[in-house]
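Spelled out, the chains give:
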Amino acid sequence: MNTVYEWRNSSYLISTDKKKLDQKAIHQYLTRSTWAAGIDIDTVAMSIENSLTFGVFDDDSQIGFARLITDYATFAYLCDVYILEAYQGKGLSRWLMESVHDHPVFIKLRRILLCTTTAPWLYEKLGYEPVNRENFIWTITRPDIYAAK
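The following paragraphs examine the structure supplied in this document. All values reported here derive from a predicted model rather than from experimental measurement.

The rules behind these values
Residues numbered from 1 in each chain as written. Predicted model: local features only at pLDDT ≥ 70, side-chain atom pairs only at ≥ 80, totals over all residues. Heavy atoms only, no water. Helix = DSSP H or I, 4+ residues; strand = E, 2+ residues; numbered from the N terminus. Rg over C-alpha atoms; globule rule 2.2 N^0.38 Å. Buried < 20%, exposed > 50% of the residue type's maximum accessible area, 1.4 Å probe, protein only. Pairing = 2+ DSSP bridges. Axes fitted to C-alpha atoms, helices over the stretch in contact; angles between N-to-C directions. Contact = heavy atoms within 4.5 Å. Salt bridge = Lys/Arg side-chain N within 4 Å of Asp/Glu carboxyl O.

### Some remarks on the overall build of the protein
Regarding its fold elements, the protein presents 5 helices and 6 strands. Starting at the N terminus and walking to the C terminus, you meet the elements of the protein as β-β-α-α-β-β-β-α-α-β-α. Relative to the compact-globule value of 15 Å for 149 residues, the protein shows a C-alpha radius of gyration of 15 Å, a close match. With respect to the principal axes defined by its C-alpha atoms, the protein has extents near 45 × 40 × 30 Å. Here the protein holds 149 residues, and the buried ones make up 40% of them.

In structure tokens form, the structure reads like this:
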């Protein structure tokens, strides 16, 4: 899907334009995150290339990010959602999530999956529910895969 969508709020911009993304800034954040510690820049680049991405900018500086791994028809996995610490508490996380939810691809999806240990209060406000049904969702999880290299 090549259509670029953008949302503006004062000096802030959310854009799906991959050309605007600062992959080094995204990598710097992800490599120190709790979920992708040690991730290499090539893996970040490939993940961006193969996802529907949402960059958050203050003027030209990248201050946040989210991506959907999706088939663009029925399913998406929401991941790598962040707003830099210096910008937290300004409603930008909620605005980012609302923008993701407003995207035409997201609107038609039957199932959206999110795995997180941070900010459950934010996701709950937007309709996400914990999955606590026995034998419903199965996973292979490798939390230290990047650190093992």
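### Describing the sheet that holds strand β6 (residues 111-114)
Pairing is mixed across the open sheet formed by 6 strands, whose spatial order is β1-β2-β3-β4-β5-β6. Edge positions in the sheet fall to β1 (6-9) and β6, since each has one partner strand and no second. In this sheet, neighbouring strand axes are inclined to one another by 20° on average, regardless of whether the strands run parallel or antiparallel. In this structure, strand β2 (residues 12-15) lies alongside strand β3 (residues 52-58), joined through 4 bridges in antiparallel fashion. Paired with Leu13 across the strands is Phe57, a residue of β3. Strands in contact with helix α1 (residues 23-31) are β4 (61-70) and β5 (75-83); relative to β5, the strand with the most contacts, it is inclined by about 90°.

### Regarding the environment of Leu78
Turning to its location among the elements, Leu78 is positioned in strand β5. Here the alpha-carbon distance between Leu78 and Ile112, two residues 34 residues apart in the chain, equals 7.0 Å. In this structure Leu78 touches Ala66, Arg67, Leu68, Met97, Val100, Ile112, Leu113, Leu114, Tyr123 and Tyr128, once residues within four positions along its chain are discounted.

### A look at the pattern of salt bridges
Evaluated as defined, the whole model comprises 4 salt bridges. Of the charged contacts in the structure, one is a salt bridge between Lys20 and Glu6, with a shortest N-O distance of 2.5 Å. With Lys20 in the loop between β2 and α1 and Glu6 in strand β1, this residue pair connects regions lying 14 residues apart in the sequence. Relative accessible area serves as the criterion here: at 36%, Lys20 is assigned to the partly exposed category. Here Arg32 ties to Glu85 by a salt bridge, and the two come within 2.9 Å at their closest N and O atoms.

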